[in-house]
Amino acid sequence: QVQLVESGGGLVQSGGSLRLSCVASGFTADYYASAWFRQAPGKEREGVSCISHTDHTTYYADSVKGRFTISRDNAKNTVYLQMSSLKPEDTAVYYCATDSFCSWHEDEYEYWGQGTQVAVSS
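Overview of the structure. (Residues numbered from 1 in each chain as written. Predicted model: local features only at pLDDT ≥ 70, side-chain atom pairs only at ≥ 80, totals over all residues. Heavy atoms only, no water.)

## Details of the nonpolar core
- With 24 residues, the main nonpolar core has Trp36, Phe68, Leu81, Met83 and Tyr94 as its most contacted residues.
- Going through the elements one at a time, β3 (18-25), β5 (46-51), β7 (68-73), β8 (78-83), β9 (92-99) and β11 (116-121) are the ones with two or more residues in this core.
- The greatest single-element share of this core, amounting to four residues, is contributed by β3.
- In contact with Tyr94, other than residues within four places in its own chain, are Glu6, Leu20, Trp36, Phe37, Arg38, Val48, Phe68, Leu81, Met83, Gly115, Thr116 and Val118.
- Counting residues in each nonpolar core, the second largest holds six residues, with Ala33, Ala35, Phe37 and Ala97 among its members. (Core = buried A, V, L, I, M, F, W, Y, C linked by side-chain atoms within 4.5 Å. Buried < 20%, exposed > 50% of the residue type's maximum accessible area, 1.4 Å probe, protein only. Helix = DSSP H or I, 4+ residues; strand = E, 2+ residues; numbered from the N terminus. Contact = heavy atoms within 4.5 Å.)

This is how it looks when you write it as structure tokens:
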């Protein structure tokens with residue numbers, strides 16, 4: 001059974017930083033892409049970032065570009081999202097997702113974590 005477990009969320013002041021982690025287990029494919037999505041209260045879930053497995057290409061939503069960095073540690077089966085210069089509008093539940101290739105569409109990802117809450121105070 002594939003499992004993705006996020007951690008690292010919390011409450012931080014505007015301008016602060018957090019690093020989210022997503023630990024994967026039980027993935028049966030030989031390759032995969034890892035993405036971060038977020039969903040704020042009353043809003044649709046949106047793609048934040050993705051890192052491909054084949055060429056390690058990274059993708060970022062315009063709203064986080066220059067502030068967030070996605071990375072992976074294959075030895076630890078872990079994907080990270082380093083978030084800096086956080087803004088109140090970054091407040092959301094953050095989810096990691098995995099599938100064969102990167103996509104901005106949430107319905108193209110089969111595996112999801114439970115989410116971790118990020119709250120940014122002004």
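Alright, that's what it looks like, and here's the rest.
## Describing the sheet that holds β7
- If you walk across this open sheet you meet the four strands as β1-β3-β8-β7, and the pairing is antiparallel. The sheet is open, and its two edges are formed by β1 (3-7) and β7, each paired on a single side. On average, adjacent strands in this sheet sit at an angle of 15° to one another, irrespective of strand direction.
- Summarising the sheet, β7 and β8 pair through six bridges and their orientation is antiparallel. By the bridge assignment, Ser71 is partnered in β8 with Tyr80. (Pairing = 2+ DSSP bridges. Axes fitted to C-alpha atoms, helices over the stretch in contact; angles between N-to-C directions.)

## Description of the pattern of salt bridges
- Evaluation of the coordinates by the stated rule reveals five salt bridges.
- Here Asp90 and Arg67 are joined by a salt bridge, their closest N and O atoms 2.7 Å apart. Placement of the pair is Asp90 in the loop between β8 and β9 and Arg67 in the loop between β6 (58-60) and β7, with a sequence separation of 23 residues.
- Assessed through its relative accessible area of 12%, Arg67 is described here as buried. (Salt bridge = Lys/Arg side-chain N within 4 Å of Asp/Glu carboxyl O.)

## Observations concerning unusual backbone geometry
- Unusually for a residue other than glycine, Asn77 sits at a positive phi of about 50°.
- Within the secondary structure layout, Asn77 lies in the loop between β7 and β8.
- In this structure, Ser85 is a non-glycine residue whose phi angle is positive, near 50°.
- With respect to the helices, strands and loops of the structure, Ser85 is situated in the loop between β8 and β9.

## Some remarks on the packing of aromatic side chains
- Taken as a whole and assessed by the stated rule, the structure comprises four aromatic pairs.
- Ring centres of Phe37 and Tyr109 lie 5.4 Å apart, and the angle between their planes is 75°; on these two criteria the pair is classed as edge-to-face. Residue Phe37 is found in strand β4 (residues 33-39), and its partner Tyr109 is found in the loop between β9 and β10 (111-112); the two are separated by 72 residues along the sequence. Each of the two residues, Phe37 as well as Tyr109, counts as buried.
- With 6.4 Å between their ring centres and 80° between their planes, Tyr95 and Trp112 make a pair best called edge-to-face. A residue pair is termed long-range when its members are at least 10 positions apart, and Tyr95 in strand β9 and Trp112 in strand β10 qualify at 17 residues.
- Residue class for Trp112 comes out partly exposed when judged on its relative accessible area of 24%. (Phe/Tyr/Trp six-rings, centres within 6.5 Å; stacked < 30°, edge-to-face > 60°.)

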